[in-house]
Amino acid sequence: MTALGINARNSVIARRNPRRAIVGAKDKSVTKRRLAANGIPVPETLCEIHDRRELRRFDESALPDQWVVKPSRGSGGRGVMVVVGALRSQRAWATPGRVVSSKELRRHIAGILGGDRSTGDDDVALFEPLLQADPEIALLTRAGLPDIRIVCDGTTPLLAMARIPTVASGGRGNLHQGGIGAAIDLESGRITRAVHERQPIAVHPDTNRRLVGTELPRWDEVLDIARRCGHATGLGYLGVDIVVDATRGPLVLEVNSHPGLEIQNVAAMPLVPSRRRPRRGVQSSDYDTPVLV
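The paragraphs below set out a description of the structure included in this document. All figures in this text were calculated on a predicted structure; none of them were measured in a lab.

## What about the nonpolar core?
- Ile150, Trp219, Cys229 and Val252 are the most contacted members of the largest nonpolar core, which has 49 residues in total.
- Take this core: its biggest share by element is seven residues, from helix H7 (residues 219–233).
- Formed by 17 residues, the second largest nonpolar core is a distinct cluster that contains Leu55, Ile109, Ala110 and Leu113.

## Observations regarding the pairing of strand E11 (residues 191–196)
- Judged from the five bridges that link them, strand E10 (residues 180–184) and E11 form a sheet pairing that is antiparallel. What sits directly across from Gly181, in E11, is Val195.
- Remark: six residues form the turn of the hairpin made by E10 and E11, two consecutive strands paired antiparallel; Gly189 in that turn has positive phi of roughly 75°.
- Across three bridges, E11 lies against strand E12 (residues 199–201) in antiparallel orientation. Bridged to His196 within E12 is Gln199.
- Linking E11 back to E12 in an antiparallel pair, the connection comprises two residues, with Glu197 at a positive phi of about 55°.

## Comments concerning the pairing of strand E6 (residues 98–101)
- Two strands pair when backbone bridges link them, and strand E5 (residues 92–95) and E6 are joined in this way by four bridges, in the antiparallel orientation. Across the sheet, the residue bridging to Ala94 is Val99, located in E6.
- Following E5, the chain reverses through two residues before pairing antiparallel with E6; Gly97 in that reversal takes a positive phi of roughly 100°.

## Quick notes on the sheet that holds E5
- Strand order in the open sheet made by the three strands is E4-E5-E6, with antiparallel pairing throughout. In this open sheet, the two edge strands, each paired with only one partner strand, are strand E4 (85–87) and E6. Geometrically, the sheet is characterised by an average inter-axis angle of 30° between neighbouring strands, direction not taken into account.

## Structural notes on H7
- Between its first and last C-alpha atoms H7 spans 22 Å; for 15 residues at 1.5 Å apiece the expected length is 21 Å, and the two agree.
- Taking burial as the measure, the 15 residues of H7 include eleven buried ones, the bulk of the element.
- Buried residues of H7: Trp219, Val222, Leu223, Ile225, Ala226, Arg228, Cys229, Gly230, His231, Ala232 and Thr233, and no others.
- Immediately beyond the C-terminal end of H7, within one or two residues, lies Gly234, with a positive phi of roughly 85°.

## Some details on the pattern of salt bridges
- Applying the stated criterion to the full structure yields 16 salt bridges.
- Residue Glu104 pairs with Arg98 through a salt bridge whose shortest N-O separation is 3.1 Å.
- Under the relative-accessibility criterion, Arg98 is labelled partly exposed at 45%.
- Measuring nitrogen to oxygen at the nearest pair gives 3.1 Å for the salt bridge that ties Asp241 to Arg163. Here Asp241 is found in strand E13 (residues 237–245), whereas its partner Arg163 is found in strand E9 (residues 156–164), with 78 residues between them in sequence.
- A residue is classified by how much of its surface remains accessible, and Arg163, at 15% relative accessible area, is buried.
- Through salt bridges with shared partners, one network takes in Asp147, Arg149, Arg163 and Asp241.

## A short note on the packing of aromatic side chains
- Tallied over the full model, the rule gives three aromatic pairs.
- Considering the side-chain rings of Trp67 and Trp93, the 5.2 Å spacing of their centres and the 75° angle between planes classify their relative orientation as edge-to-face. One end of the pair, Trp67, is in strand E2 (residues 67–71); the other, Trp93, is in strand E5, with 26 residues separating them in the sequence. You'll find Trp67 and Trp93 in the same group, each marked buried.
- Ring centres 5.3 Å apart and planes at 55° place the aromatic pair Trp67 and Phe127 in the tilted group. Note that Trp67 is positioned in strand E2 and Phe127 in strand E7 (residues 125–129), a separation of 60 residues in sequence. Judged on exposure class, the residue Trp67 and its partner Phe127 are both buried.
- Grouped by ring-pair contacts, the aromatic residues Phe58, Trp67, Trp93 and Phe127 constitute a single cluster.

## Overview of the side chain of Asp134
- Tracing the sequence through the fold places Asp134 in the loop between E7 and helix H6 (135–138).
- In this structure the side chain of Asp134 is engaged in a polar contact, spanning 2.9 Å, whose partner is the backbone nitrogen of Glu136.
- Look past the residues within four positions of Asp134 in its chain and what remains in contact with it is Pro217, Val244, Asp245 and Ala246.

Criteria and cut-off values
Residues numbered from 1 in each chain as written. Predicted model: local features only at pLDDT ≥ 70, side-chain atom pairs only at ≥ 80, totals over all residues. Heavy atoms only, no water. Core = buried A, V, L, I, M, F, W, Y, C linked by side-chain atoms within 4.5 Å. Buried < 20%, exposed > 50% of the residue type's maximum accessible area, 1.4 Å probe, protein only. Helix = DSSP H or I, 4+ residues; strand = E, 2+ residues; numbered from the N terminus. Pairing = 2+ DSSP bridges. Axes fitted to C-alpha atoms, helices over the stretch in contact; angles between N-to-C directions. Expected span 1.5 Å × (residues − 1). Salt bridge = Lys/Arg side-chain N within 4 Å of Asp/Glu carboxyl O. Phe/Tyr/Trp six-rings, centres within 6.5 Å; stacked < 30°, edge-to-face > 60°. Polar contact = N/O pair within 3.5 Å; in protein donor to acceptor, adjacent residues only side chain to side chain. Contact = heavy atoms within 4.5 Å.

Below you can see the structure in the form of structure tokens.
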């Protein structure tokens, strides 16, 4: 296997991803607006807090019992707070493992606004509903929300993997934090190979449930959504992160203009993007002109 190296990947990105598209992809709020304007499903935005004046006026009692807050320009899961229950009489919130007071929540949001949990620049606190995995996907793990990463060359998916949380990863799917990477066959949506801590596995270490051979639900929808994201965001080479929610179906969580290369080790296959430079971004006869907002 001749894997795509970081220098070659950066060369592809320089050819395929315009600067405006890269800047937009680094901001989750901007990305969500662009995707939604092009008919691509994304999680609902409950609210956004842009500055300390809005934080002072923030009425947290209007939030549902379960939600997630994240920095709009964060990455790698930094700054994400997951709330699984409301303790309204105590003016507090239950997160996995502990209770967060209203004061702690506001301190967390202030840190997001100041850029402490993202790039160091001022940021936006983005609130979304807590998603629940489709029942078939929920069976793959004991806790946390599995997602699907698909790396695309324009409208062509190259490789796909599921990122599956473990107890060791704290319920997160990030591979560097102890999550499982599971390669997915693009035609069938079936898991063909799984890797945990850089070692091939066949079953989940927490549940002993077999991973290899599992077919993911609504795979055709997932693939179609991934194909449309480059066109909607203006990116020619991208990673698309999708969750399959129990009630809402496939939703795009994030679009990455610099997708990582670990997916090659998970799939034991190389990424082979096109060497051509498209004349007009990521145009395709399959879709109308993209709406960039």
